[in-house]
Amino acid sequence: MDAQFPTPLVDCLQYANWSRSVFEEMRAGGVHAVHATIAYHENFRETVANIIAWNRHFERHPELVFAGRTGGDIERAMREGRTAIFFGLQNPSPIEDDIGLVEVLQTLGVRFMQLSYNNQSLLATGCYEGEDPGITRFGRQVIAEMNRVGMVVDMSHSAERSTLEAIDISTRPIAITHANPHWWHKALRNKSDTVLRALTRSGGMLGLSLYPHHLKDGSNCTLQSFCEMVAETASRYGVENIGIGSDLCQDQPDSVVTWMRNGRWSKVTDYGEGTASAAGFPSQPQWFTNNADLPNLREGLRRAGFSSEDVAAVMGGNWLRFYTQSFEPKP
C-alpha cells in the first residue's frame, strides 16, 4: 500500500474539466478513486466519444490515472500511487430507448447511472418536476438489467417517490452519490429523512456533497459546519452508509452548467439551482477548491468526534466495500 496514504480516499462524483493538473492534484490529495461523470444529456454515440476522450487521458497520463472497473482497482490505485477513474452517467439519455445499451455501456466501463436528471425521463422522475408518478415500466426493466450486469442505480437528482420505488425495486443496494440531508439544508436536490432511512436500511450509500448549492450557507459553509452535519448523518443512518461525493466541477466554464441544466430540451434558459443574477457555477468553500484539499476533511471529521477508523470509512473505506459488492455481474 501507498505509505503516504494508507487508507482509501474515494470521491464518488466529480465533473471537472479534466487535465493533467487536475490529475496531479488528485495525487497530491491522495485520491485513490473518482467516479467521473461522462454524460449528462448525451446520446449513446456522443457518450462513446466522451469515453474515447478519457482513453486518451489514460494513454497520456498513465502514471497518474487509469480506468477503474472493480473495487479491487481502488486497492490497485493505493498500491501504485495512482487514481482509478470510474465512469458514471447523470442521466439515462445514453441508453436512448434501448435496454440492450445498458450492458454495452457496462462493458465500456460505466458503473453508475442516474435514472433521471432533474426532469422526467423514460425511467423515473427528476426532482424539479411538479408531479412524481414513480418508476416507469421501462424503468423497472432497466433497474433489473443494471442489477444483472453490475451497474449501480443512482438517484441523486430524482424525486421522492421515484427514489423510494427504486430502492424497493432494486435487488442490489442503490446509491445517492452526491446530495446532503434536507434537514440540514433545504435545497431541492437534498434528500428527505424518509429517503435516507430507506436508502441506508437497504444497504445503500449516500455520498455527501460539497457543491455550494447543497451546503448550509452555500460558498460560506465552514468545514466545521459540514463535518458536524456528517456526524449527525452518521448518528441517524450509520457511519457505514456514508461517504463523499463532492460534485466538484473544477475549472469548468459557465457554459457547462448551462448545458447541465438545459441540455437540448429547453428553448428558454433554465437556471436550475442558480438564478438569473447568479447563473454560473458558485464558488467552492475555501477549504475545498480542488482534489488536493480533500484531506482537509480528515482533520475536520476528527475534530467532529469521529474515530480514526470511522474517518477512514467515510473517506473511502465504505465506498471500497460498496464498489466491490456492486460492480460484479450476477451469474
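The residue count restarts for each chain, going from 1 along the sequence in the order it is written. For this predicted model, a pLDDT threshold of at least 70 governs which residues receive local features, and a threshold of 80 or more governs which side-chain atom pairs are given and counted, while totals over whole chains, interfaces and linings are taken from all residues. The side-chain numbers reported here are obtained from all heavy atoms of the structure, hydrogens and water having been left aside.

Undergrad: For the packing of helix 6 (residues 160-169) against helix 7 (residues 193-201), give the residues involved together with the corresponding values.
TA: Here an axis means a line fitted to C-alpha atoms, over the contact stretch when the element is a helix, while the angle between two N-to-C directions is reported on a 0 to 180 degree scale. In this text, helices come from DSSP runs of H or I with a minimum length of four residues, and strands from runs of E with a minimum of two, each type numbered from the N-terminal end. Orientation of helix 6 relative to helix 7, taken along the N-to-C sense of each, is 10°, at an axis distance of 10 Å. Considering their axes alone, helix 6 and helix 7 lie roughly parallel with respect to each other. The crossing of helix 6 and helix 7 is left-handed. For the pair helix 6 and helix 7, the contacting residues are Glu160, Thr163, Leu164 and Ile167 in the first and Thr194, Val195, Ala198 and Leu199 in the second. Considered class by class, the residues forming the contact of helix 6 with helix 7 number five nonpolar, two polar and one charged. Orientation labels follow simple angle bins: below 35 degrees gives roughly parallel, above 145 gives roughly antiparallel, 65 to 115 gives roughly perpendicular, and whatever is left gives oblique. Should the near helix be turned anticlockwise from the far one by less than a right angle, the crossing is left-handed, and should it be turned clockwise, the crossing is right-handed. Contacts between residues were defined by any pair of non-hydrogen atoms, one from each residue, lying within 4.5 Å. All residues other than Ala, Val, Leu, Ile, Met, Phe, Trp, Tyr, Cys, Pro, Asp, Glu, Lys and Arg, Gly among them, are scored as polar; the first ten of these are nonpolar and the last four charged.

Undergrad: Pulling in residues and values, what's your account of the side chain of Ser246?
TA: Inspection of the secondary structure puts Ser246 in the loop between strand 9 (242-244) and helix 9 (254-262). Taking the relative accessible area as the measure of exposure, Ser246 reaches 0% and is therefore buried. Side chain to side chain, Ser246 and Asp11 meet in a polar contact 2.6 Å long. Contacts of Ser246, omitting those with residues within four sequence positions, involve Asp11, Leu13, Gln14, Leu208, Ser209, Leu210, Tyr211 and Phe288. Exposure classes here rest on a 1.4 Å probe applied to the protein chains alone. A residue is buried below 20% of its type maximum, exposed above 50%, and partly exposed in between. Polar contacts, as counted here, are pairs of nitrogen or oxygen atoms within 3.5 Å of one another; within protein the pair requires one atom able to donate a hydrogen and one able to accept it, and residues that are adjacent in sequence qualify only if both atoms are side-chain atoms.

Undergrad: Quick one: what's the story with the pairing of strand 2 (residues 33-39), residue by residue and with numbers?
TA: When a strand is regular, its side chains alternate between the sheet's two faces. Most of strand 2 sits inside the fold, with seven of its seven residues counted as buried. A pair of strands is labelled paired if DSSP reports no fewer than 2 bridges between them. Strand direction decides the pairing type here: strand 1 (residues 10-14) and strand 2, joined by three bridges, are parallel. Looking across to strand 2, one finds that Gln14 is bridged to Ala36. A right-handed crossover is one whose linking path, passing over the helix from the first strand to the second, runs clockwise when the strands point away from the viewer. You can see the chain leave strand 1, run along helix 1 (residues 20-28) and come back into strand 2, and the turn it takes is right-handed. Where strand 2 and strand 4 (residues 83-89) come together, six bridges link them in parallel fashion. Counterpart to Ala33 in the pairing with strand 4 is Ala84.

Undergrad: Help me get a handle on the packing of aromatic side chains, residues and values and all.
TA: Aromatic rings from Phe, Tyr and Trp, taking only the six-membered ring of Trp, are treated as a pair when their centres fall within 6.5 Å; an angle between ring planes under 30 degrees marks them as stacked, one over 60 as edge-to-face, and anything in between as tilted. Enumeration over the complete set of coordinates arrives at 16 aromatic pairs. Centre to centre, the rings of Phe86 and Phe327 are 5.7 Å apart; their planes meet at 35°, and the pair counts as tilted. Of this pair, Phe86 sits in strand 4 while Phe327 sits in the segment after helix 11 (308-326), placing them 241 residues apart in sequence. Across this residue pair, the class does not change: Phe86 and Phe327 are buried. Ring geometry for Trp184 versus Phe226: centroids 6.3 Å apart, planes at 75°, classification edge-to-face. Taken together, the positions of Trp184 in the loop between strand 7 (175-176) and helix 7 and Phe226 in helix 8 (residues 223-237) put the pair 42 residues apart, joining distant regions of the chain. For the pair shown, Trp184 and Phe226 are each scored as buried. An aromatic cluster is built from Phe86, Phe112, Trp319, Phe322, Tyr323 and Phe327, whose rings are joined through pairwise contacts.

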